[in-house]
Amino acid sequence: MGDPLGSADISELESLRLRIAALERQNAEYRNALAALQDGDSLWKTVVSNAPVVLWALDQEGIITLTEGSALGILGVQPADFLGRSVFTIYADHPEICDDFRKVLAGEPLTTHRFLNGCWFETRMSPLFDSRGVVTGVIGVSTDTTERVRAEQSLARSELLFREIVQNASDAILVVDYEGRITFANPRCQKLFETSPEEMIGRHFLEFTAEQEQPVLRQRFERRMRGEEVERRYEARLRTQTGSLRWADISVSLLSREGEASTLVLVRDITQRKRGEAKLLYRERFEQLITSFSTQFINLPLDEIDSGLRGALGAIGAFAGADRSYIFLLDETGQTMSNTHEWCATGVAPHSQQLQEINLDSIPWFRQELFSKQVVHVPRVADMPPEATLEREHFAAQGIQSLVVVSMLIDREPIGCVGFDAVRTEKRWSQDVISLLRIVGEIFANALARKQAEADLQASEERFRRLVEHATDAFYVYDLEGRIVDVNQHACVSLLYSREELLRMSLSDIDATMVPERIEEMWKRMLPGVPLTIDGTHRRKDGTSFPVEMHAGLFSLGERQLVLALARDITERKRQEDALRAARDELELRVQERTAELRHANAELQRSEAKWRSLVQNAPDFIMTVARNGTILFVNRMASPLAVDNVLGRTVYDFAPPDQHEGIRTGLEQVFATGEPHDFEIRSVGNDGRTSWFAGRMGAVREDGEVTAAILITTDITLRKRAEEESKQHQADLAHIGRLSTMGEMAAEMAHELNQPLAAIANYANGCIRRLKLGADDAETLISVLDEVTAQANRASRIISEMRDFVRKRAVVRSRVDINQCVRSAISLAEIEAKKYGIRIHAELAENLSRVNANAIQIEQVVLNLLLNAIDATQQKELTNAEVAIRTELESEDVIAVAVIDRGRGISPEHVERIFDPFFTTKTQGLGMGLSISRSIVESHDGRLCAVANPAGGTTFRFTLPILTAGPFEEPCNEPDC
Amino acid sequence: MNLTAEPTVFVVDDDNALRKSLCWLIESIGLRVQTFASAHEFLDAYPADTPGCLVLDVRMPGMSGLDLQERLEERRITIPVIIITGYGDVPMAVRAMKAGAVDFIEKPVSDQMLLDRIQQAIMTDSMHRESKRGKSQFAARIELLTPREREVMDKVVSGLSSREIGDELGVSFKTVEAHRAKIMKKMQASSVPHLVRMALNNEV
């Protein structure tokens, strides 16, 4: 199809042409008519009246004298409207028309063409002359040329338009005559034909066509000229002035011009479009290739992949116009690359053989380019950059002029590359080709990957198969009815059937517990991917059976649903389980027994604990446990208003006087360090100022051999201490009294006491005398010394008077005395001494002894003296289980005897009598007064004291006292122990 | 050895008055006295090797007089001890004397006797010291002699003449003379009799 404007032009031109022809004919007619008019009278009237004209005449004044013609009718005007009227009046508004009339009236024939009242009139006016040559009037003919004018105008416009169109057409427009010569060429032809339109005129149109086309075009033209129906629209190749070929879309139409046949030719340059079409075709082929490869390689069986790749390489190589196309693949390490697939165009040498295991290090530039940009495009090997020298040499050696290579990636990792070589000529590949390579490379890569994956899978499958076959458990594959589909080696061995036999059997044949209902229920429970554990019993060919544990799972093989089951012989395990169960039962029994024992023991322990607790709680002593730092952990009770709770957590140091702290600390340290108990005594002064004494034992509390606390058992010995003090005092008193009970002793005592001050007086006095003799005259010193003398004299007299008082006071007082009581008092005093030496005093005191008239203290003193002697004697002997005995008894109805028996060193026979002598002693210390005083006291009570050596060692001292008194009571008893 | 020190009488008695009066008495003959109320005090305070004597009451609380004697022996304190006692008995006296007491006096004590005894004791003490000093001095001097000189000295002291000594020892008369000169110098003897006396007194 040509462009719309072109075809419209041609039809309009056609009609215009026709109209122009018609108009010309019309004009010719008019001229004929007018000629006829001028010839005849009557003719013209008829003619006039029929002619679409207006015939009119004017007189010399311009008054219309005649109007005729059908034109009047056309105008819609009646002759009467004009007759007799002056044209100057009628056309007063049109000065130019008036001027026309005047001119004619002046004798000038005129032809005018005026527009009047919407019509065009052509008027021919002639003046009428009389014989004189004076204008007598005008005769004129007006023709309505409105149509004609319009047509002319229209034509003119059309012509103008047409000209414009032609001149400015984007198509080349030619008019070719009947001989084929160009009679017209529009300016566009310049561009298309590369020559000026003027230059083209006169030349044959075929000169501007491609050689190959000429025969066909010539024929077509001749046929058209002959009037045959020929294609009016076709494509053809044209040739420009310069010889280049253009594709053109040609539209031809016949013109009839002045009787001659002409051809109007519209030529459109479609070279671009043709090229586009070629490109499109190329593109289609491209896509086709890709699509075909895609589908091809997806479904290609693995063993055909390699040949498929080679075929594909050929297709794309050919398509891209390459001399060689190839695939390189990287090895596993990624270090070397090998040419695995190759296609060569005919005549090009294959290279793949040499290009195996190329180390990428030898082509570093290539590697860098390929792996960073994914493409290496070398349009000209010779132009490769200096850093690619190695590669350039490689390629040049191989005769490669250009190459393009694209990397192949799987999951963004390069596996190789695909590319083209150009060997014969240089080639620059377009982006399209590179894209093609990339896409194709992807397809290849996927295919190769798939091939690899398949290979891997097969290998894995093979491994798995072997695994299953040689597994140490039995594998079975069942269908959903329980029929055995496959077994492994172990299954056969364990059941003693051959493989073939087993494949003919089903699950229920080998396991009696697997009845159809159970099988069905099991399979129902199985979900794909979720294994089921089932217990069963397999029966061997020989009839024996064994327990199994089966793990079964559902899987699909193609469209079949199958069950894969692993059966493990659990005979051994069952045995172990039973053994374990038995052991557990046994253990439970033992545990129960043990628990009962423990419960019993615990009860015992609790009883015992309760006993100890009660003991501790009720002990008179204070029992406390203390930590190393002195914190009180436990105390059984407290003496004072403090509650036990207030005490726990505080330290012993809070309760002991500060001067005792060191001792306590040392003691605790010792206990914790050595674990050895030791005794202690603590003195504390209470808030009331009274001193209390505590004695105790500090021991270690151990846990797992470690000393964790110290236990203190403390007794309040305040009373005892006081008693001790008192007894000491008492003893001292007794001793003192002992010495004083006889006059002799008293004198001795007094003498001694007096000696001191007297000696002092003598010394002082003598000293003074000597000094004075030597001439001392220091009166002051002498006086002070003499004062001292006086003082001593006073002291002496004081001693004497004290003595007297004492003796007077201590006049012998007698009362009814319970001897046993005296003995007891004496024992308690003597025990202090006895304990020191670990000697026990054993008393056997007769009951219900009558009282004796005696001085209790004196008797006490005697007993004490004897006991002390006995203790002394025993202590010297160093006996174990040393013991001193004292006995009271009724010797006769009026005599009481007291005996002190010791097993000590005894008295030698020669001393036995002498021992009672004053100042006799075998002791190293002491005055030896004790026994003589004792005897004196006893005798003064009318009793007897004597000593007897014991046959078994030691001595017995024995004294007697009469019950009946020799004298009256003299004074009431003052002693508390009367 | 504290020769230059004055002899001091140390009095130990628990009775205040007696102690003071004794001090007064002893001082009246111009002797230095130091008194102590107990044996402990004395032991703590006694300046070592002070010349003098010790007057001691036998019966004291704490350490008795007899115990103190034992202590003195332990410590090798050699001043003479005079024991005063209020009442004495034979065993006690024996014990005291055995323990080295110089005297054992019973109260009441005659002042004259006491003072005489004290002076005697002091004298004894100083004699002992003297002798000890002499002995040690002598011993120190002897040390200075060479073995040969020692030999020679022994012979001189036994009365031999130089010639005789030379014959016995097999050396010349002159040699012996030389030795003798050396000996006299070293022993600080002014004459042979002096030397002999020295040797006799300090029999080493």
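In this text the structure is predicted, and so the values were computed from the model without any measurement.

Thresholds, definitions, all that
- Residues numbered from 1 in each chain as written.
- Chains lettered and ligands numbered in written order.
- Predicted model: local features only at pLDDT ≥ 70, side-chain atom pairs only at ≥ 80, totals over all residues.
- Heavy atoms only, no water.
- Pairing = 2+ DSSP bridges.
- Helix = DSSP H or I, 4+ residues; strand = E, 2+ residues; numbered from the N terminus.
- Salt bridge = Lys/Arg side-chain N within 4 Å of Asp/Glu carboxyl O.
- Buried < 20%, exposed > 50% of the residue type's maximum accessible area, 1.4 Å probe, protein only.
- Contact = heavy atoms within 4.5 Å.
- Buried area = accessible area lost by both parts, 1.4 Å probe.
- Nonpolar A, V, L, I, M, F, W, Y, C, P; charged D, E, K, R; others polar.
- Axes fitted to C-alpha atoms, helices over the stretch in contact; angles between N-to-C directions.

## Topic: the pairing of strand β26 (residues 706–716) of chain A
Residues and elements named next belong to chain A.
Working step 1: In this sheet, β26 lies alongside strand β22 (residues 622–626) in antiparallel orientation, the contact comprising five bridges. Paired with I623 across the bridge in β26 is I713.
Working step 2: Note: strand β25 (residues 691–703) against β26, ten bridges, orientation antiparallel. Within β26, the position partnered with M698 by the bridge is L712.
Working step 3: Two successive antiparallel strands, β25 and β26, enclose a turn made up of two residues, where D704 displays a positive phi of approximately 55°.

## Description of the pairing of strand β18 (residues 484–487) of chain A
Looking down a regular strand, the side chains alternate between one sheet face and the other.
All names here are of chain A.
Working step 1: Taken together, the three bridges between strand β17 (residues 474–479) and β18 define a ladder with antiparallel strand orientation. For Y476, the partnering residue across the bridge sits in β18 and is V487.
Working step 2: What sits between β17 and β18 in their antiparallel hairpin is a turn of four residues, with G482 showing a positive phi close to 95°.

## Quick look at the pattern of salt bridges
Working step 1: For the coordinates displayed, the defined rule picks out 59 salt bridges over all chains.
Working step 2: Salt-bridge contacts for R697 of chain A lead to D679 of chain A; the nearest nitrogen and oxygen are separated by 2.8 Å. Of this pair, R697 of chain A sits in strand β25 while D679 of chain A sits in strand β24 (residues 678–685), placing them 18 residues apart in sequence.
Working step 3: You can call R697 of chain A partly exposed: its relative accessible area is 43%.
Working step 4: Since its relative accessible area comes to 52%, D679 of chain A is described here as exposed.
Working step 5: Linking E168 of chain B and K155 of chain B is a salt bridge whose minimum nitrogen-to-oxygen distance equals 3.5 Å. With E168 of chain B in helix α7 (residues 162–169) and K155 of chain B in helix α6 (residues 147–157), this residue pair connects regions lying 13 residues apart in the sequence.
Working step 6: Sharing partners across several salt bridges, the network here consists of E235, R273, K274 and E277 of chain A.

## Quick word on the interface of chain A and chain B
Working step 1: Taken residue by residue, the interface counts 19 residues in chain A and 19 residues in chain B.
Working step 2: Taken together, both faces of the contact between chain A and chain B bury some 1,800 Å²; the carbon and sulfur share is 54%.
Working step 3: When the buried surface of chain A facing chain B is broken down by residue, N763, R770 and R771 of chain A rank first, second and third, together holding 35% of it.
Working step 4: Across the chain A-chain B interface, the total number found is three salt bridges.
Working step 5: Across the pair E27 of chain B and R771 of chain A runs a salt bridge whose closest N-O atoms are separated by 3.9 Å.
Working step 6: By residue number, the principal contributor to the side of chain A that touches chain B is helix α23 (residues 743–773) of chain A, which donates twelve residues.
Working step 7: The residue makeup of the side of chain A that touches chain B, split by class, is eight nonpolar, eight polar and three charged.

## Here's the deal with the environment of A236 of chain A
Working step 1: Summarising the element assignment, A236 of chain A is placed in strand β8 (residues 233–239).
Working step 2: Remark: the alpha-carbon pair of A236 of chain A and R246 of chain A, spanning ten residues in sequence, is separated by 8.3 Å.

## Looking at the sheet that holds strand β21 (residues 560–569) of chain A
Strands in a sheet are paired, the pairing made by backbone hydrogen bonds, and the direction either parallel or antiparallel.
All names here are of chain A.
Working step 1: Spatial strand order, β18-β17-β21-β20-β19: five strands in an open sheet with antiparallel pairing. The open sheet has two edge strands with one neighbour each: β18 and β19 (532–539). With strand direction ignored, the average angle separating the axes of adjacent strands in the sheet is 30°.
Working step 2: Pairing of β17 with β21, which is carried by six bridges, proceeds in the antiparallel orientation. By the bridge assignment for β21, F475 is matched with L566.
Working step 3: Where helix α18 (residues 516–525) meets the sheet, its contacts fall on β17, β19 and β21, and the angle it forms with β19 comes to roughly 155°.

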